[in-house]
Every structure is written in structure tokens, then in C-alpha cells.
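# Tertiary structure, described
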Amino acid sequence: MYALNYQRAKSLDEAVKLLGAEPEAKLMAGGQTLIPTLKARLAQPSHLIDLARVAELKGIEVKDGVLIIGAMSKHYEVMTSAVVQKAIPGLANMASLIGDLQVRNMGTMGGSIANNDPAADYPAGVLAHNVTIVTNKREIKADDYFQGMFATALEEGEIIIKLLWPLPKKSAYSKFEHPASGYAMAGTCIAQLADGSVRVGVTGAGSSGAFRWTEAEEALAKSFSLKALEGLKVDPETCLGDLHAPPEYRAHLVGVMAKRALEKML
Ligand SMILES: Cc1cc2nc3c(=O)[nH]c(=O)nc-3n(C[C@H](O)[C@H](O)[C@H](O)COP(=O)(O)OP(=O)(O)OC[C@H]3O[C@@H](n4cnc5c(N)ncnc54)[C@H](O)[C@@H]3O)c2cc1C
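Because the structure is predicted, anything quoted here is derived from the model rather than measured.

Below, the discussion takes up the overall build of the protein chain. If you tally the helices and strands in the protein chain, you get 12 helices and 12 strands. Looking at the protein chain residue by residue over its 266 residues, the buried ones come to 42%. Long-range contacts, defined here as pairs at least 24 residues apart, represent 62% of the contacts in the protein chain between residues at least 6 apart.

Within a sheet, adjacent strands bond to each other through the backbone by hydrogen bonds, running parallel or antiparallel. Taking strand neighbours across the sheet as the criterion, the three strands line up as 1-3-2 in an open arrangement whose pairing is parallel. Of all the strands in the sheet, the pair left with one neighbour each is strand 1 (5-8) and strand 2 (25-28). Across the sheet, the mean angle from the axis of one strand to that of its neighbour is 25°, orientation sign disregarded. Direction of pairing for strand 1 relative to strand 3 (residues 47-50): parallel, over a ladder of four bridges. Paired with tyrosine 6 across the bridge in strand 3 is leucine 48. Its contacts with the sheet put helix 1 (residues 12-21) on strand 1, strand 2 and strand 3, and the angle it makes with strand 3 is roughly 170°.

Time to look at the sheet that holds strand 10 (residues 184-192). The antiparallel open sheet is built from four strands, whose spatial order is 9-10-11-12. In the strand order of this sheet, the two ends are held by strand 9 (170-177) and strand 12 (211-212), each with one partner. Two elements, strand 11 (residues 198-203) and strand 12, share two bridges in a ladder whose sense is antiparallel. Residue glycine 201 lies in a different strand from strand 12, and its bridge partner there is arginine 212. Docked against the sheet, helix 10 (residues 214-222) engages strand 11 and strand 12, running at close to 150° with respect to strand 11.

So, about the environment of methionine 72. By secondary structure assignment, the location of methionine 72 is in the loop between strand 5 (66-70) and helix 3 (75-80). In this structure methionine 72 comes out as buried when scored by C-beta crowding, with 24 C-beta atoms within 10 Å. What methionine 72 contacts, discounting residues up to four positions off in sequence, is Ala29, Leu51, Ala52, Val54, Leu57, Lys58, Thr108 and Gly110.

In the region of the ligand, 32 residues are neighbours, and Gly30, Gly99, Gly107, Gly111 and Ala114 sit closest. Of all elements in the fold, only strand 2, helix 6 (101-106) and helix 7 (109-115) reach the threshold of two or more residues within the shell around the ligand. Top element by residues in the shell around the ligand is helix 7. It accounts for five residues. A per-class count over the shell around the ligand returns 16 nonpolar, 14 polar and two charged.

Turning our eyes to something else, we now look at the pairing of strand 3. Of the strand pairs in this sheet, strand 2 and strand 3 are connected by four bridges, and their pairing is parallel. Looking at strand 3, one finds that lysine 26 is bridged to leucine 48. Taken together, strand 2, helix 2 (residues 34-39) and strand 3 form a β-α-β motif whose crossover is right-handed.

Taken domain by domain, the protein chain holds domain 1 (5-50) and domain 2 (58-265). Using C-alpha coordinates to define each centre, domain 1 is positioned 26 Å away from domain 2. For the side of domain 1 that touches domain 2, the leading source of residues is helix 1, giving five residues. Of the residues in the side of domain 1 that touches domain 2, the class split is six nonpolar, five polar and no charged.

Cut-offs and rules
- Going along each chain's sequence as written, the residues are numbered from 1 onward.
- Residues qualify for local features only when their pLDDT is at least 70, as the model is predicted, and side-chain atom pairs are given and counted only at 80 or more; totals for whole chains, interfaces and linings, by contrast, use all residues.
- Numbering of helices and strands starts at the N terminus; helices are DSSP runs of H or I of at least 4 residues and strands are runs of E of at least 2.
- Comment: burial labels come from other C-beta atoms within 10 Å of the residue's own C-beta, placed from the backbone, where a count of 20 or more is buried, 12 or fewer is exposed, and between is partly exposed.
- By the convention adopted here, residues are in contact when the distance between their C-beta atoms, placed from the backbone, does not exceed 7 Å.
- DSSP calls a pair of strands paired once it identifies at least 2 bridges connecting them.
- Interaxial angles span 0 to 180 degrees and are taken between N-to-C directions of axes, which are lines fitted to C-alpha atoms, for helices over the stretch in contact.
- Residues are classed as near a molecule or strand if the C-beta position derived from their backbone is within 6 Å of it.
- Any residue outside Ala, Val, Leu, Ile, Met, Phe, Trp, Tyr, Cys, Pro, Asp, Glu, Lys and Arg is labelled polar, Gly included; the first ten of those are nonpolar and the last four are charged.
- If you view a crossover with the strands going away from you and the path from the first strand over the helix to the second runs clockwise, you call it right-handed.
- Note that domain bounds follow an automatic or database assignment of domains.

So this is what it looks like as C-alpha cells:
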């Protein structure tokens, strides 16, 4: 790890100022991705700005049909929150499937979404639920946010404050996890939104990160049944192949996970 300066922001304003003052500064949430990256000397920020004490990034509440989750909400909080369990039980379940106990107690929703690991769980949920990401500069719709592996619409100096999850009629997530890391080899989230539309978000499988499986959305809009998913398959050409699994296998898994998620909803 290279030497760096550590700064603890006490408010959102202070975090914005600190971030703007140093071109090589980096935000830190729970450090679950950042610290290993620094340890491996894959990044060399001049300053680390710790967001742990920024009150504006915390809190979970439901208001006007929307579940509002502060960016610094840890996976464990999302998983155990009575508010989340009542509002979007599928999301509480998704959080419970992330990593292990330590990761869930340190990792945050904002950090996960900012990092946009192609195998992270929340991106599938964010796409399926048509979430809005609120930053210190603007609001970004889920469909505009994810821009490829580890790439997002976030610009320099932009801090995620909270995520707005419209309450669905129902939703569910299923993932096939890598036995060592717990990350998704493929994970599929299905949400039936308040207006009756269906969205399907997929993580772990795409060669360009999380994506919406529009063929499944169209089929489920016509008939919200397991039968609608029969014979449907993601194009393996669009899937990731690596030492853990070839693209064809991941493409197959997406369909299996979709059926399992749908079974939970039915
Ligand atoms: C062993 C292990 C297993 C894991 N398994 C899973 C898994 O199964 N599923 C899964 O989804 N994830 C998994 N993770 C990832 C984990 O869930 C964390 O969410 C993720 O690593 C991000 O960590 P963090 O929230 O601590 O953010 P950090 O590591 O602190 O930050 C990550 C990045 O986000 C930026 N950032 C943080 N907060 C903000 C913000 N508010 N605004 C803008 N940018 C911000 C930081 O600058 C940094 O670039 C795993 C991690 C580990 C170490």
C-alpha cells in the first residue's frame, strides 16, 4: 500500500469540498473493495475521504411509495431493516446473499453501486426496480447509470447520496454464487412494478456488466408465468467467459435463476 492522507468528512458539504480540493482524492465507504485495491497497489490516491460519519448518506425510510436508502447503508442494515423487509422483501433477501458476515457489516449500497463490479448483486436489483440514483449533482435513472464493467455515469466529484427504490407489486432475486467468493456467476432479479410492467435485471453473466433481459420482460408482460420463460435464453455472445465458466454456461444460468426468482414470486 502506498502512503496516503486519511480524511474523515463530517458532512456531505465537507466531503464534496475535500473531494474537489485534491484531484487524486478518493471516497471511501466501507473499504471492502477499496482497501484490497490499495493493498494490491492497483490504485494510488493522494487522499482517502472516509464517508462513515456523513449523516446525509444514512437512513432507510419509505415515503410516497418509494423506499429511500442512504448510500452508506450497509448490506447488513438492508437485510435486517424491518422497513426494507416490509417494503421490498426481495431486496432484503438480496442483501442477505452478499458476501459473508464481515462484508455485509462493512460493505455499503452506495459503494457497491459506485464500484459496479460485473458480478455484484445490487445492480440487477437497481435495473429491475427502475431505481433512481441521487447524487450531490443530479438524479440518474438506472437505465442510464450502468455503462459497462466497473463503469458508471458518475462524474468527477460526484457522490451518491441515496437510492430511490419505487415500491414494486412484488419482486425476487435468485443467484448462482461462486463457491469461493460468493459473487454472482449469474443473478436474475424480476420486479413487477406498481404500474404492472415487468423488468428483469441480470448480473454476473454479461460481458459488459449488468443488463436488462428485455426478451424475458416482454414474455412475462404477456404471461406472468413460468411457461413464459420456457425456451428463452440469453445470447451467449453477450455473456462473460472466464476460468470459472464459459459464456454458454452463464447464459444457461441466467434462465435458471430467472425461473427460480419467478417461482418465489408466484
Ligand atoms: C470477500 C468479498 C466478497 C464479496 N462478495 C460480494 C457478493 O457476493 N455480492 C456483491 O454484490 N458484492 C460482494 N462484495 C462487494 C461488497 O459487497 C461491497 O459492497 C463492495 O466491495 C463495495 O464496498 P464498500 O461499500 O465498502 O465501498 P468501498 O470499497 O469503500 O468503495 C468502493 C468504490 O466506490 C466509491 N464510493 C463509495 N461510496 C461512494 C459514494 N457514496 N459515492 C460515490 N462513490 C462512492 C469509492 O470511491 C470506491 O471507488 C464482496 C466483497 C468482498 C471483499
